[in-house]
Amino acid sequence: MESFKATLQNEIFRLFKKKKVVVVLLLALGLIAFALLVSVVLRGSLGILGGTGSAFPLSVLQAFSNTILPLFMALAVIDTFTGEFASDTMKITITKPVTRFKIYLAKLSAVGVFVLVNLGVVMVLSMLVTVVFYTKLISFVWALDVVVAYVATFFPMMVLAVVVAYFANVLKSSTGVFFLSVLVFVVFRALGFVSALSPVLITSLLEWYGLWISNVLPIGSILRSIVVLAAYVMVFGALGYRRFDKRAL
């Protein structure tokens, strides 16, 4: 356990040292400012969307989880795996007294911390904007729904990270992994418009938080989504680790 903890701390330090978090948060601030500007214009000048102020954090989440966060999550995974192999620093990591499975798990866990930090900061900022500009619309139930939505988004985002990690251990080129990840994301997004395929596409599940904040919990849909997420993790997690374990330095 101590060896895993030390490896995880090392991976987190490496990941955050590259300052991707700062770039993501700056882009997120721009996204929040833009969303607020659009909301003010639509509510004030055009007189529409009059009751959507309380949904502002969820609007930000939808945009953030479908654009900025997946992009930088993929870059983080690529740096963590392909980048280390390319720079030969993986040799140093592998020679430590820790199994490859723990190293693989620590790398994905570090990416998880990266995702969680970004979601947490964006959630707090979007809620603060709502409190300042839409004071009359907030409540405890509203705050709870927002927290649940952001926490729920973490899980499909991490499943997506597992898929990208598989790509990163199959391809040797960081550029190739990045463009393949973007291509798969775009194709899956397009296929999501086909209702029959939507429930089993990981990109569609990025918005499954809507199930958790419904007035009546759709238990069947939630369980189905959990099974799909678990299937992605088991398949791509096992394949990714197998490639990582067999990969020559």
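Residues numbered from 1 in each chain as written. Predicted model: local features only at pLDDT ≥ 70, side-chain atom pairs only at ≥ 80, totals over all residues. Heavy atoms only, no water.

### Some remarks on the environment of Ala152
Here is step 1: Relative to the helices and strands, Ala152 resides in helix H7 (residues 140-170).
Here is step 2: Along the backbone, Ala152 and Leu206 are 54 residues apart, and their C-alpha atoms lie at a distance of 8.7 Å.
Here is step 3: Excluding anything up to four places from it in sequence, Ala152 contacts Trp208, Tyr209 and Trp212. (Helix = DSSP H or I, 4+ residues; strand = E, 2+ residues; numbered from the N terminus. Contact = heavy atoms within 4.5 Å.)

### Some details on the confidence of the model for the protein
Note that predicted coordinates carrying low pLDDT should not be read in detail.
Here is step 1: Put simply, the protein has an average pLDDT of 84, and 87% of its residues get 70 or more.
Here is step 2: Per-element confidence in the protein ranges from a low mean pLDDT of 66 for helix H5 (residues 90-94) to a high of 93 for H7.
Here is step 3: Considering only residues more than four positions removed or in separate chains, one finds that residues 45-51, a stretch of pLDDT under 50, has nine contacts. (pLDDT = per-residue confidence, 0-100.)

### Some words on the layout of surface pockets
Here is step 1: The calculated volume of the second largest pocket comes to roughly 190 Å³.
Here is step 2: Taken together, 19 residues make up the lining of the second largest pocket; nearest its centre are Pro70, Leu160, Ser181, Val182 and Phe185.
Here is step 3: Of all the elements in the fold, those that place two or more residues in the lining of the second largest pocket are helix H4 (68-87), H7 and helix H8 (174-191).
Here is step 4: Residue contributions to the lining of the second largest pocket peak at seven residues, all from H8. (1 Å grid on protein atoms, 1.4 Å probe; cavity = no way out; pocket = protein on both sides within 12 Å on 5 of 7 lines; lining within 4 Å. Points joined across faces, edges and corners; volume = space filled by probe spheres on them.)

### Concerning the packing of aromatic side chains
How two aromatic rings sit relative to each other is set out by the distance from centre to centre and by the angle between their planes.
Here is step 1: Counted under the stated rule, the structure contains 12 aromatic pairs.
Here is step 2: Here Tyr104 and Tyr241 contribute two aromatic rings whose centre-to-centre distance is 5.8 Å and whose plane-to-plane angle is 65°, an arrangement assigned as edge-to-face. Of this pair, Tyr104 sits in helix H6 (residues 100-133) while Tyr241 sits in helix H10 (residues 219-246), and the two are 137 residues apart along the sequence.
Here is step 3: The exposure class assigned to Tyr241 is partly exposed, which follows from its relative accessible area of 24%. (Phe/Tyr/Trp six-rings, centres within 6.5 Å; stacked < 30°, edge-to-face > 60°. Buried < 20%, exposed > 50% of the residue type's maximum accessible area, 1.4 Å probe, protein only.)

### Observations regarding the pattern of salt bridges
Here is step 1: Counted by the stated rule, this structure contains two salt bridges.
Here is step 2: For the salt bridge of Glu11 with Lys107, the shortest nitrogen-to-oxygen distance reads 3.1 Å. Linking Glu11 in helix H1 (residues 2-17) with Lys107 in helix H6, this pair joins segments that are 96 residues apart in sequence. No difference in accessibility class separates Glu11 from Lys107, as the two residues are buried.
Here is step 3: With its nearest N and O atoms 3.3 Å apart, the salt bridge here joins Glu207 to Arg189. With Glu207 in the loop between H8 and helix H9 (209-212) and Arg189 in helix H8, the pair connects residues that are 18 residues apart, well separated along the chain. (Salt bridge = Lys/Arg side-chain N within 4 Å of Asp/Glu carboxyl O.)

### With respect to H1
Here is step 1: The terminal C-alpha atoms of H1 lie 22 Å apart, and with 16 residues this matches the ideal 22 Å at 1.5 Å per residue to within 8%.
Here is step 2: Lys19 occupies a position one or two residues after H1 and carries a positive phi of about 65°. (Expected span 1.5 Å × (residues − 1).)

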